[in-house]
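# Topology and contacts: notes
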Amino acid sequence: DEALVLTVDNPPDHYVSIQIVDPWLHSVEHVHANGSLNNHQAEANKDGSYTYVIAPRDAGVRNWLHTGGLHDGDFQARWQYLPASAAANAVREVKVVKLADVPALLPDMSKVTPAQRKAQSRQRAEEYARRYLPSS
(Lines give C-alpha, C1' and ligand atoms only; values in the text may rest on other atoms or scores of the structure.)
Protein backbone atom coordinates (compact mmCIF):
# COMPACT_ATOMS: atom_id res chain seq x y z
CA ASP A 1 0.00 0.00 0.00
CA GLU A 2 2.97 2.32 -0.54
CA ALA A 3 4.47 4.22 -3.44
CA LEU A 4 7.86 5.74 -4.14
CA VAL A 5 7.50 9.34 -5.29
CA LEU A 6 10.44 10.62 -7.30
CA THR A 7 10.90 14.19 -8.52
CA VAL A 8 13.66 15.00 -11.01
CA ASP A 9 14.80 18.10 -12.81
CA ASN A 10 15.00 18.22 -16.55
CA PRO A 11 16.43 21.22 -18.38
CA PRO A 12 14.13 22.45 -21.18
CA ASP A 13 14.45 20.59 -24.49
CA HIS A 14 16.40 17.71 -22.92
CA TYR A 15 15.49 14.06 -22.45
CA VAL A 16 14.86 12.20 -19.21
CA SER A 17 13.56 8.67 -18.78
CA ILE A 18 12.70 6.61 -15.72
CA GLN A 19 12.62 2.82 -16.07
CA ILE A 20 11.68 0.13 -13.56
CA VAL A 21 14.00 -2.89 -13.39
CA ASP A 22 14.11 -6.06 -11.33
CA PRO A 23 17.06 -6.87 -9.02
CA TRP A 24 18.95 -8.29 -12.05
CA LEU A 25 18.35 -5.08 -14.04
CA HIS A 26 15.83 -6.63 -16.43
CA SER A 27 13.22 -4.09 -17.43
CA VAL A 28 9.62 -4.75 -16.47
CA GLU A 29 6.82 -4.63 -19.05
CA HIS A 30 7.08 -1.34 -20.89
CA VAL A 31 5.11 -1.96 -24.07
CA HIS A 32 1.65 -2.75 -22.67
CA ALA A 33 2.21 -1.14 -19.26
CA ASN A 34 4.02 1.87 -17.86
CA GLY A 35 7.28 0.20 -16.83
CA SER A 36 9.05 3.29 -18.13
CA LEU A 37 8.17 6.86 -18.95
CA ASN A 38 10.16 9.58 -20.66
CA ASN A 39 9.53 13.30 -20.60
CA HIS A 40 7.46 13.08 -23.79
CA GLN A 41 5.14 10.50 -22.22
CA ALA A 42 4.98 12.05 -18.76
CA GLU A 43 3.34 15.23 -17.57
CA ALA A 44 5.70 17.97 -16.37
CA ASN A 45 5.20 19.89 -13.16
CA LYS A 46 4.54 23.62 -13.43
CA ASP A 47 8.24 24.36 -12.81
CA GLY A 48 9.45 21.96 -15.54
CA SER A 49 10.48 19.16 -13.20
CA TYR A 50 8.87 15.70 -13.39
CA THR A 51 7.33 13.71 -10.56
CA TYR A 52 6.88 9.96 -11.01
CA VAL A 53 4.90 7.61 -8.78
CA ILE A 54 6.33 4.09 -8.63
CA ALA A 55 3.94 1.46 -7.25
CA PRO A 56 2.72 -2.08 -7.93
CA ARG A 57 -0.87 -0.81 -8.11
CA ASP A 58 -2.24 2.07 -10.16
CA ALA A 59 -1.90 5.32 -8.24
CA GLY A 60 -4.59 7.01 -10.35
CA VAL A 61 -2.26 9.76 -11.56
CA ARG A 62 -0.72 10.48 -14.96
CA ASN A 63 2.93 9.69 -14.15
CA TRP A 64 2.46 6.29 -12.54
CA LEU A 65 5.14 3.70 -13.21
CA HIS A 66 4.00 0.10 -12.86
CA THR A 67 6.47 -2.17 -11.04
CA GLY A 68 5.21 -5.24 -12.88
CA GLY A 69 4.20 -6.67 -9.50
CA LEU A 70 7.70 -6.29 -8.08
CA HIS A 71 8.13 -5.21 -4.49
CA ASP A 72 11.94 -5.24 -4.77
CA GLY A 73 13.99 -3.81 -7.56
CA ASP A 74 15.38 -0.55 -8.81
CA PHE A 75 14.61 2.32 -11.07
CA GLN A 76 17.02 3.82 -13.52
CA ALA A 77 17.02 7.48 -14.39
CA ARG A 78 18.63 8.57 -17.65
CA TRP A 79 19.22 12.08 -18.89
CA GLN A 80 20.66 13.11 -22.23
CA TYR A 81 22.70 16.29 -22.41
CA LEU A 82 22.26 17.10 -18.74
CA PRO A 83 24.73 19.90 -17.99
CA ALA A 84 27.40 18.89 -15.48
CA SER A 85 26.39 21.86 -13.35
CA ALA A 86 22.88 20.39 -13.00
CA ALA A 87 23.85 16.76 -12.34
CA ALA A 88 24.40 17.06 -8.58
CA ASN A 89 20.83 18.27 -8.03
CA ALA A 90 19.04 16.41 -10.84
CA VAL A 91 17.13 14.23 -8.36
CA ARG A 92 15.15 16.65 -6.21
CA GLU A 93 13.31 14.30 -3.92
CA VAL A 94 12.62 10.62 -3.28
CA LYS A 95 10.10 9.59 -0.65
CA VAL A 96 7.87 6.68 0.30
CA VAL A 97 4.22 7.55 0.84
CA LYS A 98 0.94 5.73 1.32
CA LEU A 99 -0.59 4.93 -2.07
CA ALA A 100 -3.95 6.32 -0.96
CA ASP A 101 -2.28 9.69 -0.21
CA VAL A 102 -0.80 10.15 -3.70
CA PRO A 103 -3.66 12.15 -5.30
CA ALA A 104 -3.71 14.62 -2.38
CA LEU A 105 0.10 14.92 -2.36
CA LEU A 106 0.11 15.70 -6.10
CA PRO A 107 -2.94 17.92 -6.59
CA ASP A 108 -1.64 19.44 -9.84
CA MET A 109 -0.96 16.10 -11.54
CA SER A 110 -3.70 14.88 -13.89
CA LYS A 111 -5.80 12.08 -12.49
CA VAL A 112 -6.34 8.96 -14.62
CA THR A 113 -9.39 6.70 -14.52
CA PRO A 114 -9.12 2.95 -15.21
CA ALA A 115 -10.65 3.53 -18.68
CA GLN A 116 -8.13 6.27 -19.43
CA ARG A 117 -5.28 4.03 -18.23
CA LYS A 118 -6.47 1.26 -20.54
CA ALA A 119 -6.52 3.71 -23.47
CA GLN A 120 -3.06 4.96 -22.49
CA SER A 121 -1.75 1.38 -22.51
CA ARG A 122 -3.35 0.70 -25.89
CA GLN A 123 -1.80 3.86 -27.36
CA ARG A 124 1.59 2.96 -25.88
CA ALA A 125 1.51 -0.51 -27.47
CA GLU A 126 0.52 1.01 -30.84
CA GLU A 127 3.41 3.47 -30.65
CA TYR A 128 5.90 0.69 -29.88
CA ALA A 129 4.53 -1.42 -32.73
CA ARG A 130 4.92 1.49 -35.13
CA ARG A 131 8.55 2.04 -34.08
CA TYR A 132 9.80 -1.52 -33.75
CA LEU A 133 7.72 -3.94 -35.79
CA PRO A 134 8.42 -4.33 -39.50
CA SER A 135 5.85 -2.73 -41.75
CA SER A 136 4.02 -4.89 -44.25
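Structure: above.
Residues numbered from 1 in each chain as written. Predicted model: local features only at pLDDT ≥ 70, side-chain atom pairs only at ≥ 80, totals over all residues. Heavy atoms only, no water.

## With respect to the sheet that holds strand S2 (residues 15-21)
Inclusion rule: Paired strands, in this sense, are two strands between which DSSP finds at least two bridges. Helix and strand assignments follow DSSP, with helices taken as H or I runs no shorter than four residues and strands as E runs no shorter than two, numbered in order from the N terminus. An axis is simply a line fitted to the C-alpha atoms; with a helix, the fit covers only the stretch in contact. Between two such axes, the angle follows the N-to-C directions and lies from 0 to 180 degrees.
Reading across the sheet, the three strands line up as S3-S2-S6 and stay open at both edges, with antiparallel pairing between neighbours. Since the sheet does not close on itself, it has two edges, and those belong to strand S3 (36-38) and strand S6 (74-80), each with one partner. Pairs of neighbouring strands in the sheet enclose a mean axial angle of 10°, with direction left out of account. Two elements, S2 and S3, share three bridges in a ladder whose sense is antiparallel. Paired with Gln19 across the two strands is Ser36, which belongs to S3.

## Focus on the pairing of S2
Quick reminder of the rule: Under the scheme applied here, a residue whose accessible area is under 20% of the maximum for its type counts as buried, over 50% as exposed, and between as partly exposed, the area being computed with a 1.4 Å probe on protein chains only.
Of all seven residues making up S2, six are buried, and the element is well covered by its neighbours. The pairing of S2 with S6 spans seven bridges and is classified as antiparallel. Paired with Gln19 across the bridge in S6 is Gln76.

## Quick notes on the sheet that holds strand S5 (residues 64-66)
Ordered by their spatial adjacency, four strands build an open sheet running S5-S4-S1-S7, and the pairing between neighbours is mixed. The outermost strands of the open sheet, each flanked by one partner alone, are S5 and strand S7 (91-98). The mean inter-strand angle of the sheet, taken between neighbouring strand axes irrespective of direction, is 25°. Where strand S1 (residues 2-8) meets strand S4 (residues 50-55), five bridges bridge the pair, whose relative direction is antiparallel. Residue pairing for S4: Leu4 is matched across the bridge by Ile54.

## So, the packing of aromatic side chains
Put simply, the rule is: Planes of paired rings set the category: under 30 degrees apart is stacked, over 60 is edge-to-face and the rest tilted, where pairs are Phe, Tyr or Trp rings (Trp by its six-membered ring) whose centres lie within 6.5 Å.
Counted by the stated rule, this structure contains one aromatic pair. Between Tyr50 and Tyr52 the ring centres are 6.3 Å apart and the planes differ by 20°, which places this aromatic pair in the stacked class. A relative accessible area of 8% means that Tyr50 is categorised as buried. Since its relative accessible area comes to 0%, Tyr52 is described here as buried.

## Remarks on the pattern of salt bridges
Here is the rule we go by: What counts as a salt bridge is simple: a side-chain nitrogen of Lys or Arg found within 4 Å of a carboxyl oxygen of Asp or Glu.
In the structure shown here, the tally under the stated rule is six salt bridges. In this structure, Asp9 and Arg92 form a salt bridge, with 2.5 Å as the shortest nitrogen-oxygen distance. Of the two residues, Asp9 is situated in the loop between S1 and S2 and Arg92 in strand S7; the sequence distance between them amounts to 83 residues. With a relative accessible area of 42%, Arg92 lands in the partly exposed category. Here Asp47 and Arg92 are joined by a salt bridge, their closest N and O atoms 2.5 Å apart. Highlighted residues: Asp47 in the loop between S3 and S4 and Arg92 in strand S7, separated in sequence by 45 residues. By sharing partners, the salt bridges in this structure join Asp9, Asp47 and Arg92 into a single network.

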